[in-house]
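Observations on the model geometry
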Amino acid sequence: MHSNRSALAFGASLLVSLLLVPGAAQAACPDDATIDAFLAARASAAPTPPPVAAGGSMADALCAQGKILARLEKDLGPLVGYKAGLTSPKSQEAFGVTEPVFGTLLEGMIVRGDATARPAEAVRALFEADLVVEIADAAVNEATTPEEVLAHIAGVRPFLELPALVVGKDDKLDGPAITSINVGAWKGAMGELIEIPQGAEGVAMLADFTAKLTNDATGETLSEAPGKAVLGHPLNAVTWIAGVLKAQGKALKPGDLVSVGSIGPLHPMKPGLSVTLTYEGLPGTPKIGARFE
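It should be emphasised that the depicted structure is a prediction, and the values quoted were computed from it without experimental measurement.

About the criteria used
- Residues numbered from 1 in each chain as written.
- Predicted model: local features only at pLDDT ≥ 70, side-chain atom pairs only at ≥ 80, totals over all residues.
- Heavy atoms only, no water.
- Helix = DSSP H or I, 4+ residues; strand = E, 2+ residues; numbered from the N terminus.
- Rg over C-alpha atoms; globule rule 2.2 N^0.38 Å.
- Buried < 20%, exposed > 50% of the residue type's maximum accessible area, 1.4 Å probe, protein only.
- 1 Å grid on protein atoms, 1.4 Å probe; cavity = no way out; pocket = protein on both sides within 12 Å on 5 of 7 lines; lining within 4 Å.
- Points joined across faces, edges and corners; volume = space filled by probe spheres on them.
- Nonpolar A, V, L, I, M, F, W, Y, C, P; charged D, E, K, R; others polar.
- Pairing = 2+ DSSP bridges.
- Salt bridge = Lys/Arg side-chain N within 4 Å of Asp/Glu carboxyl O.
- Disulfide = S-S within 2.5 Å.
- Axes fitted to C-alpha atoms, helices over the stretch in contact; angles between N-to-C directions.
- Parallel < 35°, antiparallel > 145°, perpendicular 65-115°, else oblique.
- Left-handed = near helix turned anticlockwise from the far one by under 90°.
- Contact = heavy atoms within 4.5 Å.
- Polar contact = N/O pair within 3.5 Å; in protein donor to acceptor, adjacent residues only side chain to side chain.

1. A short note on the overall build of the protein chain
When you go through the protein chain residue by residue, the secondary structure sums to eight helices and 13 strands. For 293 residues, the compact-globule estimate of 2.2 N^0.38 gives 19 Å, and the protein chain sits close to it at 18 Å. Counting only C-alpha atoms and orienting by the principal axes, one finds that the protein chain spans roughly 50 × 45 × 35 Å. By residue count, 56% of the 293 residues in the protein chain fall in the buried class.

Quick look at the structure:
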């Protein structure tokens with residue numbers, strides 16, 4: 001119960017911030033020229049400031065994210081889900097925030113199966129252990145505990161996220177700034193659906209499994225962390241996303257994907273590196289991998 005209260009507190013904090021600032025249509029949303037310049041730099045892998053600088057409002061950041069997505073949809077296809085970023089203590093510490101951030105996933109960002117990526121095609125390309133939850137029905141929007149969420153999902157999928165920060169190393173990233181760049185969503189390797197037992201057994205399984213990243217060449221463990229590193233329980237990320245969407249007049253739908261966020265630290269992507277993410281404690285000990293060229 002404590003972990004769920006913590007997740008709801010994070011969600012409440014963001015929702016209050018959304019309500020206390022003017023709506024996106026009235027806020028100082030970045031103009032089209034700013035968004036176009038940002039996307040041109042992103043496409044050419046050139047460092048560029050975020051559309052909303054650190055210290056800006058969350059309403060401005062969400063407005064910027066919406067404009068960016070409207071343009072990216074032309075090449076990457078429609079919305080397929082959402083991502084809760086910075087959901088582990090280590091990732092929050094790295095960016096100086098105390099709550100998660102909200103991003104959106106487009107169809108072309110998802111690679112089915114193992115992925116190949118070229119770090120030179122992005123600015124500050126990274127990789128991290130993650131997990132995708134697939135929504136089964138809209139009743140998940142009313143869930144308040146991990147057990148209630150579990151009853152309304154189809155299962156989970158392995159997800160090795162490959163984000164890119166886009167901005168230069170001297171550009172500060174806080175909650176609004178990283179939200180304005182869509183939480184660095186770039187690519188992600190996603191595996192097959194894993195059905196999770198209902199009730200207390202499944203809740204415990206998702207809290208206690210270990211996400212382990214290893215270097216394929218050396219066998220070295222790069223990082224390992226339990227599912228509960230995400231907001232006390234990875235399904236709390238679904239509750240948090242549902243709360244943010246509700247504040248925007250939206251809701252999770254059947255088939256939507258929810259990336260729960262960092263299960264452990266972010267790692268820099270380096271050419272020549274090949275990694276495997278193993279989920280120890282989930283049915284079948286599933287794996288997903290990525291190679292960086």
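2. Regarding the layout of surface pockets
Taken as a whole, the largest pocket holds about 430 Å³ of empty space. In terms of lining, the largest pocket is formed by 24 residues, of which the most central are Arg-42, Ala-43, Leu-72, Leu-76 and Trp-186. Every element with two or more residues in the lining of the largest pocket is listed here: α2 (32-43) and α3 (58-76). The element best represented in the lining of the largest pocket is α3, accounting for six residues. Across the lining of the largest pocket, the residue classes tally to 15 nonpolar, three polar and six charged.

3. Focus on the pairing of strand β6 (residues 153-162)
Of all ten residues in β6, nine are buried, a share of seventy percent or more. Examined bridge by bridge, β6 and strand β7 (residues 187-190) share four bridges and lie antiparallel to one another. Bridge pairing links Leu-162 to Lys-187 in β7.

4. Notes on the pattern of salt bridges
Close approach of charged atoms lets side chains of opposite charge pair. This structure, assessed with the given rule, holds ten salt bridges. With a closest N to O distance of 3.1 Å, Glu-293 and Arg-118 form a salt bridge. Of this pair, Glu-293 sits in the segment after β13 (287-292) while Arg-118 is found in the loop between β4 (115-117) and β5 (126-135), placing the two residues 175 residues apart along the sequence. Here Glu-293 falls in the partly exposed class, since its relative accessible area comes to 39%. Arg-118 gets classed as partly exposed once you look at its relative accessible area, which sits at 39%. Salt-bridge contacts for Asp-208 lead to Lys-228; the nearest nitrogen and oxygen are separated by 3.8 Å. With Asp-208 in helix α7 (residues 199-208) and Lys-228 in the loop between β9 (221-226) and α8 (236-247), the pair connects residues that are 20 residues apart, well separated along the chain. Taken together, the salt bridges that share partners define one network made up of Asp-32, Asp-36, Lys-67 and Arg-71.

5. What to know about the state of the cysteines
Throughout the structure, instances matching the rule amount to one disulfide. The partner cysteine of Cys-29 in its disulfide is Cys-63, sulfur to sulfur 2.1 Å. Given an S-S torsion of about -95°, the disulfide between Cys-29 and Cys-63 has left-handed geometry. Of this pair, Cys-29 sits in the loop between α1 (2-20) and α2 while Cys-63 sits in helix α3, and the two are 34 residues apart along the sequence. Residue Cys-29 shares its accessibility class with Cys-63, and that shared class is buried.

6. As for the packing of α2 against α3
Relative to each other, α2 and α3 sit at 60°, their axes nearing to 10 Å. Between α2 and α3, the interaxial angle falls into the category oblique. Considering only the axes of α2 and α3, their crossing is right-handed. In contact with Asp-32, Ile-35, Asp-36, Phe-38, Leu-39 and Arg-42 of α2, α3 contributes Ala-64, Lys-67, Ile-68, Arg-71 and Leu-72. Of the residues belonging to the contact of α2 with α3, the class tally is six nonpolar, no polar and five charged.

7. Overview of the pairing of β7
Relative to β7, strand β3 (residues 110-112) runs parallel, the two sharing three bridges. Each bridged residue has a counterpart across the sheet, and for Ile-110 the counterpart in β7 is Gly-188.

8. Let's talk about the side chain of Glu-161
Locating Glu-161 in the fold gives a position in strand β6. A polar contact of 2.5 Å, which involves the side chain of Glu-161, links it to the side chain of Lys-83. Those residues within four positions of Glu-161 in sequence are excluded, and the remaining contacts are Lys-83, Leu-126, Phe-127, Glu-128, Asp-130, Ala-185, Lys-187, Gly-188 and Ser-259.

9. Description of the sheet that holds strand β8 (residues 210-215)
Overall, mixed pairing links the five strands, which are arranged β4-β13-β12-β8-β9 in an open sheet. Pairing within the sheet leaves two strands with one partner each, and these edge strands are β4 and β9. Pairwise comparison of adjacent strand axes, ignoring direction, gives a mean angle of 15° for this sheet. In the sheet, β4 pairs with β13 via three bridges, with the strands oriented parallel.

10. Notes on empty space enclosed by the protein
Any empty space left between atoms is shown by rolling a water-sized probe over those atoms. Under the defined criterion, the tally for this structure stands at one cavity of 30 Å³ or more. In this structure, the largest cavity occupies an estimated 100 Å³ of space. Surrounding the largest cavity, 15 residues form its lining, Lys-83, Leu-86, Glu-128, Val-183 and Leu-266 being those nearest its centre. Elements supplying a minimum of two residues to the lining of the largest cavity: β1 (79-85) and β5. Take the lining of the largest cavity: its biggest share by element is three residues, from β1. Grouping the constituent residues of the lining of the largest cavity by class yields nine nonpolar, three polar and three charged.

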